[in-house]
Amino acid sequence: GKGIFEKTKTKIDIIEKKVNSFLEACIEDIEIKIDSSDDFAIKVKNKKRNIEPTKDLRKYFNEGKINLIILALFFAVIEVSKEDNKKNILILDDFITSLDMANRIFLMKHIFENFKDFQILIFTHNIYFYNLIMYLINDKISKTDKDWQFANLYEIDDSHKIYINSDFNSIDKIENK
């Protein structure tokens, strides 16, 4: 009935506001609109470039901006959908494709700030991104109070190995939290 639509519409409005706040904080001159009259299509506009709200993103926006929009949408939906009475986990696997360094730093700070009550697992093949995360956590730039465990997975002669960085808590301690 109408009650369900109103609840959904409220969440959509919150998601839209969170995404636009995220994009504004990234210093991107883009804004989304979730169009409930068009099957909840995501439309993006850019005032500086006089691009009216459009679904045709690949025609007007580069891969980096599109990936930022997608990540902003994912994060907003996760924030709105999480259940406080349950354990929440955020798993990110090589999610930084085509983002510049400034947006990578912003993205990590956003994750540290907005997903404090989540267990966060980040997987990457990008050694520079791995080092960036370690830097943000070690130098407390992230303002995170989580216990972090860093590990390197590698393969030698068809044998899989894991190297645990001994400067951080053991996996057993983290799993028990």
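Residues numbered from 1 in each chain as written. Predicted model: local features only at pLDDT ≥ 70, side-chain atom pairs only at ≥ 80, totals over all residues. Heavy atoms only, no water.

Visitor: Could you give an account of the nonpolar core, naming the residues involved and the relevant values?
Guide: In terms of nonpolar packing, the biggest core is built from 43 residues, with Phe95 and Ile111 touching the most fellow members. With nine residues, helix H3 (residues 63-81) is the largest single contributor of residues to this core. Discounting chain neighbours no more than four positions away, the residues touching Ile111 are Phe75, Leu90, Leu92, Phe95 and Ile120. (Core = buried A, V, L, I, M, F, W, Y, C linked by side-chain atoms within 4.5 Å. Buried < 20%, exposed > 50% of the residue type's maximum accessible area, 1.4 Å probe, protein only. Helix = DSSP H or I, 4+ residues; strand = E, 2+ residues; numbered from the N terminus. Contact = heavy atoms within 4.5 Å.)

Visitor: So what about the environment of Ile164? Which residues, and what values?
Guide: Mapping Ile164 onto the fold places it in strand S7 (residues 159-164). Given a relative accessible area of 31%, Ile164 falls into the partly exposed group. Here the alpha-carbon distance between Ile164 and Ala151, two residues 13 residues apart in the chain, equals 4.5 Å.

Visitor: Mind laying out a nonpolar patch on the surface, listing which residues take part and the relevant values?
Guide: Together, Ile89, Ile91 and Phe123 give the surface a local cluster of nonpolar side chains, amounting to about 290 Å² of exposed area. Mapped onto the elements, Phe123 comes out in strand S5 (residues 118-123). Taking the relative accessible area as the measure of exposure, Phe123 reaches 39% and is therefore partly exposed. (Patch = residues over 30% accessible without salt bridge, like charges linked within 9 Å, V, L, I, M, F, W, Y side chains within 5 Å. Areas by Shrake-Rupley, 256 points an atom, 1.4 Å probe, with all protein chains shown as cover. Salt bridge = Lys/Arg side-chain N within 4 Å of Asp/Glu carboxyl O.)

Visitor: Explain the sheet that holds strand S1 (residues 31-35) to me, using residue names and the numbers behind them.
Guide: One open sheet accounts for three strands, arranged S1-S2-S3; its pairing is antiparallel. The two strands at the open ends of the sheet, each matched to only one other strand, are S1 and strand S3 (51-54). Here the strands of the sheet are splayed against their neighbours by 20° on average, with no regard to which way each runs. (Pairing = 2+ DSSP bridges. Axes fitted to C-alpha atoms, helices over the stretch in contact; angles between N-to-C directions.)

Visitor: Help me get a handle on the pairing of S1, residues and values and all.
Guide: Across five bridges, S1 lies against strand S2 (residues 41-46) in antiparallel orientation. Its bridge partner lying in S2, Glu31 is registered against Lys45. The turn joining S1 and S2, which pair antiparallel and follow one another in sequence, is formed by five residues; a positive phi near 55° is taken by Asp39.

Visitor: Got a sec to walk through the packing of aromatic side chains? Specific residues and values, please.
Guide: Per the stated rule, a full pass over the model turns up seven aromatic pairs. The interplanar angle of 85° and the centroid separation of 5.7 Å between the aromatic rings of Tyr130 and Phe150 together place this pair among those described as edge-to-face. Remark: Phe150 occurs in the loop between helix H5 (127-138) and strand S6 (151-156) and Tyr130 occurs in helix H5; sequence separation between them is 20 residues. One exposure class covers both Tyr130 and Phe150, and it is buried. Put simply, the rings of Phe22, Phe75, Phe106, Phe115 and Phe118 touch in pairs and so form one group of aromatic residues. (Phe/Tyr/Trp six-rings, centres within 6.5 Å; stacked < 30°, edge-to-face > 60°.)

Visitor: Please give an account of the packing of H3 against helix H4 (residues 101-114) that cites residues and values.
Guide: Between H3 and H4, the least distance of the axes is 12 Å, while the angle of their chain directions is 0°. With respect to their mutual orientation, H3 and H4 come out roughly parallel. Between H3, through Leu68, Leu71, Phe75 and Glu79, and H4, the contact on the second element is made entirely by Asn103, Leu107, His110, Ile111 and Asn114. Class assignment for the residues of the contact of H3 with H4 results in five nonpolar, three polar and one charged. (Parallel < 35°, antiparallel > 145°, perpendicular 65-115°, else oblique. Nonpolar A, V, L, I, M, F, W, Y, C, P; charged D, E, K, R; others polar.)

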